[in-house]
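Each chain, written out:
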Amino acid sequence: MTLSPAFLDELRARTQLSTLIARSLKLQRAGREFKACCPFHNEKTPTFYVNDEKGFYHCFGCQAHGDAIRWLTDAKGLAFMDAVKELADAAGMEVPAPDPRAQAKAERAAGLYEVMEAAARWFSEQLEGIEGAAARDYLDGRGISEATRRRFGFGFAPDARGRLKTALKSFGNEKLVEAGLLIAPDEDKEPYDRFRGRLTFPIRDARGRCIAFSARILGPGEPKYLNSPDTPLFDKGRTLFNLDLAAPASRAAQRVIVVEGQMDVIALDQAGLGEAVAPLGTALTEAQLGLLWRLSPSPLLCFDGDAAGQKAAIRAALGALPHVGPGPSLSFVTLPPGK
Ligand code: ZN
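Keep in mind that what you see is a predicted model, and the values were worked out from it rather than measured.

Chemist: How would you explain the sheet that holds strand β2 (residues 33-36) if you had to name every residue and give the values?
Modeler: Read across the sheet, 5 strands follow the order β1-β2-β3-β4-β5 without closing on themselves; strand pairing throughout is antiparallel. Strands at the two margins of the open sheet, each flanked by one partner only, are β1 (28-30) and β5 (65-66). Judged from the 3 bridges that link them, β2 and strand β3 (residues 48-51) form a sheet pairing that is antiparallel. Paired with Lys 35 across the strands is Tyr 49, a residue of β3. Set on the sheet, helix α3 (residues 68-75) makes contact with β3, β4 (56-59) and β5; between it and β4 the angle comes to about 55 degrees.

As structure tokens, then:
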């Protein structure tokens, strides 16, 4: 965000967390802490603790964890800046004026959401058209239902270098390049469409906004899947495919499943397992593990039943090892060879 860490530290130091939380939750004293029945999950015995010294709350049941700001955003549904303003008012502090450069960056990113939304719409229209026949055949072949197509926003990128560029020209090439939709080879060469002759589907952020695309080739060729490059909206190491839909589903199912491929996630969703996510073509990162542990204390990793899948599972286990303990852990499903 645009606020300095020093300001946020001062804000936390001046806020007594137990007083803030006690406004909406009945707290019982427990030694140097307070405890209560967790507001983030259903329980009869309190496992939700508030620690004023450390300035955070923690639930041993569902791993909900955060500081005063997080309490206001997650429990009260406030936007980050509104939470900061409310706490600053109570603490008698002035929120500093935002840094203009950070502001400009945030505004640029905001404009890119519109670009991505327009691209998603355009790809979907192409899937319905004459050129989309091969892509529709592919979806039929994989048994992807009409409802799933709509739910995941499938589309088609025609096999041409300038179709999307022309269709979205009102945004200007610079924005389309910044959004990762066009490739700009050189300053003096014309930019061209990144996704060509591919089935497309949006990669969404935790709030359900389209931030990137994944695109599968329909004939022979490499790579099989092509994702958007990292952009001001998209950081692949900090994104999990389908997190926005899987988060509520995982609360109901009390588990979250991690699979290797985005099409695996979509197939599982269609089969009634909505609580599945996938990394985006890389090994699980620490940031992604953090996201998973917010959903479940022990995410279930279910990688392909082949040597590569086994290797990926072992790599994830090794990566998680420094962070596992009595709370966070990982579980593994081993599939038979070839599955
Ligand atoms: Zn909880």
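Chemist: Which residues make up the side chain of Asp 67, and what values do they have?
Modeler: Tracing the backbone through its elements, the reader meets Asp 67 in the loop between β5 and α3. If we skip the residues at most four places from it in the chain, Asp 67 touches Arg 12, Leu 17, Gly 55, Phe 56 and Tyr 57.

Chemist: Pulling in residues and values, what's your account of the coordination of the zinc ion?
Modeler: Distances from the zinc ion to its protein donors, namely Cys 38 (SG), His 41 (ND1), Cys 59 (SG) and Cys 62 (SG), fall within the range 2.1 to 2.3 Å. Each donor residue of the zinc ion belongs to the same chain, with the gaps between them written as C-x2-H-x17-C-x2-C. Of this pair, His 41 sits in the loop between β2 and β3 while Cys 62 sits in the loop between β4 and β5, placing them 21 residues apart in sequence. Residue classification places His 41 among the partly exposed positions, given a relative accessible area of 23%.

Chemist: Outline the nonpolar core, supporting the account with residue identities and numerical values.
Modeler: Judged by nonpolar contacts, the single largest core of 45 residues is most densely connected at Phe 123, Phe 154, Leu 164, Leu 181, Phe 213, Phe 241 and Ile 266. Of all the secondary structure elements, the ones that give two or more residues to this core are α5 (100-128), α6 (133-141), β6 (155-157), β9 (198-204), β10 (210-217), β12 (257-259) and α11 (262-270). In terms of residue count, α5 provides more of this core than any other element does, 10 residues in total. If near-sequence neighbours (up to four positions away) are discounted, Ile 266 is found in contact with Ile 144, Thr 148, Phe 152, Phe 154, Phe 201 and Phe 241.

Chemist: Please provide a residue-by-residue account of the environment of Pro 46, values included.
Modeler: As for its position among the elements, Pro 46 is in the loop between β2 and β3. On the basis of relative accessible area, Pro 46 is assigned to the partly exposed category, the value being 21%. Not counting the four nearest positions on each side in its chain, Pro 46 is found in contact with Gln 28, Lys 35, Ala 36 and Cys 37.

Chemist: For the pattern of salt bridges, give the residues involved together with the corresponding values.
Modeler: Counted by the stated rule, this structure contains 16 salt bridges. For Arg 70, the salt bridge identified is with Asp 74, shortest N-O distance 2.7 Å. Highlighted residues: Arg 70 and Asp 74, both in helix α3, separated by 4 residues, approximately one helical turn. The exposure class assigned to Arg 70 is partly exposed, which follows from its relative accessible area of 23%.

Chemist: For the layout of surface pockets, give the residues involved together with the corresponding values.
Modeler: Roughly 540 Å³ of volume is contained in the second largest pocket. Lining of the second largest pocket is provided by 21 residues; of these, Glu 260, Gly 261, Asp 264, Gly 281 and Asp 304 occupy positions nearest its centre. Sorting the residues of the lining of the second largest pocket by element identifies α11 and α13 (307-320) as the ones contributing at least two each. Of all the elements, α13 adds the most residues to the lining of the second largest pocket, at 4 residues. Residues of the lining of the second largest pocket, tallied by class, amount to 10 nonpolar, 4 polar and 7 charged.

Chemist: Please give an account of the pairing of β9 that cites residues and values.
Modeler: Extensive coverage of β9 is indicated by the burial of 7 of its 7 residues. Here 3 bridges tie β6 to β9, and the two strands are oriented antiparallel to one another. Paired with Phe 156 across the strands is Leu 199, a residue of β9. With 7 bridges connecting them, β9 and β10 associate as antiparallel partners. Within β10, the residue paired with Arg 198 across the bridge is Ile 217. Linking β9 back to β10 in an antiparallel pair, the connection comprises 5 residues, with Gly 208 at a positive phi of about 85 degrees.

Rules of the game
- Residues numbered from 1 in each chain as written.
- Predicted model: local features only at pLDDT ≥ 70, side-chain atom pairs only at ≥ 80, totals over all residues.
- Heavy atoms only, no water.
- Pairing = 2+ DSSP bridges.
- Helix = DSSP H or I, 4+ residues; strand = E, 2+ residues; numbered from the N terminus.
- Contact = heavy atoms within 4.5 Å.
- Axes fitted to C-alpha atoms, helices over the stretch in contact; angles between N-to-C directions.
- Donors = N, O, S within 2.8 Å, 3.2 Å for Na, K, Ca; no water.
- Buried < 20%, exposed > 50% of the residue type's maximum accessible area, 1.4 Å probe, protein only.
- Core = buried A, V, L, I, M, F, W, Y, C linked by side-chain atoms within 4.5 Å.
- Salt bridge = Lys/Arg side-chain N within 4 Å of Asp/Glu carboxyl O.
- 1 Å grid on protein atoms, 1.4 Å probe; cavity = no way out; pocket = protein on both sides within 12 Å on 5 of 7 lines; lining within 4 Å.
- Points joined across faces, edges and corners; volume = space filled by probe spheres on them.
- Nonpolar A, V, L, I, M, F, W, Y, C, P; charged D, E, K, R; others polar.

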